[in-house]
Amino acid sequence: MLIKINNLVVNYGSFVALDNIDLDLDKGKIIGFIGPSGAGKTTLLKEVAKNLPDYYVTDGFSRPVYKIAKALDFSDNEKQYVINELSAWAYQNYLNHKNVISTRSIVDCIIYSEILSPDLDIEDLITLFEETKDQVEYFFYIPVEFDYVADPDRLSHELQLKIDQVIKEFILKHIPKEKVIILTGTVEERFQQISKYL
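Just so it is clear, the model here is predicted, and its values are computed rather than measured.

Engineer: Looking at this structure, how should I read the packing of helix H4 (residues 106-116) against helix H6 (residues 157-174)?
Structural biologist: Between two packed helices, what matters for the description is the angle formed by their axes and the separation of those axes. Two elements in contact, H4 and H6, have axes whose closest approach is 10 Å; the angle formed by their N-to-C orientations is 125°. When the axis of H4 is compared with that of H6, the two are oblique. Crossing of H4 against H6: the hand is right-handed. Residues Val 107, Asp 108, Ile 110, Ile 111, Tyr 112, Glu 114, Ile 115 and Leu 116 of H4 touch H6, and the partners they reach there are Leu 159, Lys 162, Ile 163, Val 166, Ile 167 and Phe 170. By residue class, the composition of the contact of H4 with H6 is eleven nonpolar, no polar and three charged.

What follows is the structure in structure tokens.
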């Protein structure tokens, strides 16, 4: 066993996000979080990053690219193209390492491109995913469960739900069932569920 955490508690003011979490992790895991914007991937990733120093965790490129794209007046297609290229590059690098957890997977790039930028050619992304998906140990799917919070950097609630549905369809079609773990509940409950697999 590489990492052992006992009785972890995390509070955000009076809100208890994690309450007495136990986590045991073995060496050599590559996993990815899949879910629409606002599902809680980043919040969960922050807790993993704080508590699992031997894991490389990454939240992807969409937030900084959106800020840069706004400053440079990129079109939606240009913005998605940059995210796709950076994510594919990073994904290929992750495959050379162990103990990687990423919230912005190549799956997100495929789904978001299909919905937000359907004119983009994503065949290379799909091919890369199909050729390498067996190297990823688990795909943790995080459905939309929390109340929608309006944020200028997030998609509308309707679009968030549409993306969630397309992600479910993609998972059924492209990812072996035994590699998909559905994380539900509070951040604390999701963290406990992850600990069973890492």
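Engineer: Help me understand the nonpolar core in this model?
Structural biologist: Generally speaking, soluble globular proteins have nonpolar side chains that are buried together. Membership of the largest hydrophobic core comes to 28 residues, with the highest contact counts inside it found for Tyr 91, Ile 111, Leu 125, Phe 129, Ile 163, Phe 170 and Ile 175. Sort the elements by how many residues they give to this core and H4 lands first, with seven residues.

Engineer: Is there a simple way to think about a negative patch on the surface in this case?
Structural biologist: A contiguous patch of negative charge on the surface is contributed by Glu 85, Asp 121, Glu 123 and Asp 124. Here Glu 123 is to be found in helix H5 (residues 123-132). Residue class for Glu 123 comes out partly exposed when judged on its relative accessible area of 48%.

Engineer: How should the environment of Ser 117 be read in this particular structure?
Structural biologist: Mapped onto the elements, Ser 117 comes out in the loop between H4 and H5. Sequence-wise, Ser 117 and Glu 78 are 39 residues apart; in three dimensions their C-alpha atoms are separated by 9.0 Å. Apart from the residues lying within four places of it in its own chain, the contact partners of Ser 117 are Asp 76, Asn 77, Gln 80 and Tyr 112.

Rules and cut-offs
- Residues numbered from 1 in each chain as written.
- Predicted model: local features only at pLDDT ≥ 70, side-chain atom pairs only at ≥ 80, totals over all residues.
- Heavy atoms only, no water.
- Axes fitted to C-alpha atoms, helices over the stretch in contact; angles between N-to-C directions.
- Helix = DSSP H or I, 4+ residues; strand = E, 2+ residues; numbered from the N terminus.
- Parallel < 35°, antiparallel > 145°, perpendicular 65-115°, else oblique.
- Left-handed = near helix turned anticlockwise from the far one by under 90°.
- Contact = heavy atoms within 4.5 Å.
- Nonpolar A, V, L, I, M, F, W, Y, C, P; charged D, E, K, R; others polar.
- Core = buried A, V, L, I, M, F, W, Y, C linked by side-chain atoms within 4.5 Å.
- Buried < 20%, exposed > 50% of the residue type's maximum accessible area, 1.4 Å probe, protein only.
- Patch = residues over 30% accessible without salt bridge, like charges linked within 9 Å, V, L, I, M, F, W, Y side chains within 5 Å.
- Areas by Shrake-Rupley, 256 points an atom, 1.4 Å probe, with all protein chains shown as cover.
- Salt bridge = Lys/Arg side-chain N within 4 Å of Asp/Glu carboxyl O.
- Lys, Arg positive; Asp, Glu negative; His and termini not counted.
- Charge placed at Lys NZ, Arg CZ, Asp CG, Glu CD.

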